[in-house]
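Each chain is listed here by its residues.
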Amino acid sequence: MGGLVGGDGMDINDQTARSSPQLPKRQVPTVELSTWQRWLQHPERFWVRKMLFQIHLSVGAGVGLYLVSMSVTGSVFRRVAREPS
């Protein structure tokens, strides 16, 4: 059965000839890591980090909105205050 043929004349659907022989998998002893070691290796998996990120994001967004609103209203206030009455 003919499939797509690559530049080397080999059937593209049959990739088993190109793959390297399967090497035996090395048996690695499983060692239970402490919480500190797990946090050092994968800090993105801990709920404390996720919670602190959400707090940091919320506070940053709030401070940013406050600064923008103070900048806009302060500039309007200065224009009104400088105009002669």
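Sequence order as written defines residue numbering, which begins from 1 separately in each chain. Note on the predicted model: pLDDT of at least 70 is required for a residue's local features to be given, and 80 or more for side-chain atom pairs to be given and counted; whole-chain, interface and lining totals, by contrast, use all residues. As a rule here, side-chain values cover all heavy atoms of the structure and leave hydrogens and water aside.

Here we take up the overall build of the protein. Helices and strands together make up the secondary structure of the protein, namely two helices and zero strands. Counting over 85 residues, the protein shows a buried share of 1%. Carbon and sulfur atoms make up 63% of the accessible area of the protein, which amounts to about 8,500 Å² in all. Secondary structure counts use DSSP, requiring at least four H or I residues in a row for a helix and at least two E residues in a row for a strand, with both numbered from the N terminus. In this scheme, a residue with accessible area under 20% of its type's maximum is buried, one over 50% is exposed, and one in between is partly exposed, where area comes from a 1.4 Å probe on protein chains only. Under the convention used here, a 1.4 Å probe and the Shrake-Rupley method define accessible areas, while residue burial counts only the protein chains that appear.

Patch criteria: residues need more than 30% relative accessible area and no salt bridge. Like-charged residues are merged within 9 Å; nonpolar side chains of Val, Leu, Ile, Met, Phe, Trp and Tyr are merged within 5 Å. Any Lys or Arg side-chain nitrogen located within 4 Å of an Asp or Glu carboxyl oxygen qualifies as a salt bridge. Nonpolar side chains collect at one region of the surface, where W47, V48, M51, L52, I55, V59, V63, Y66, L67 and M70 lie side by side and expose about 1,000 Å² of accessible area between them. Tracing the backbone through its elements, the reader meets V48 in helix 2 (residues 47–82).

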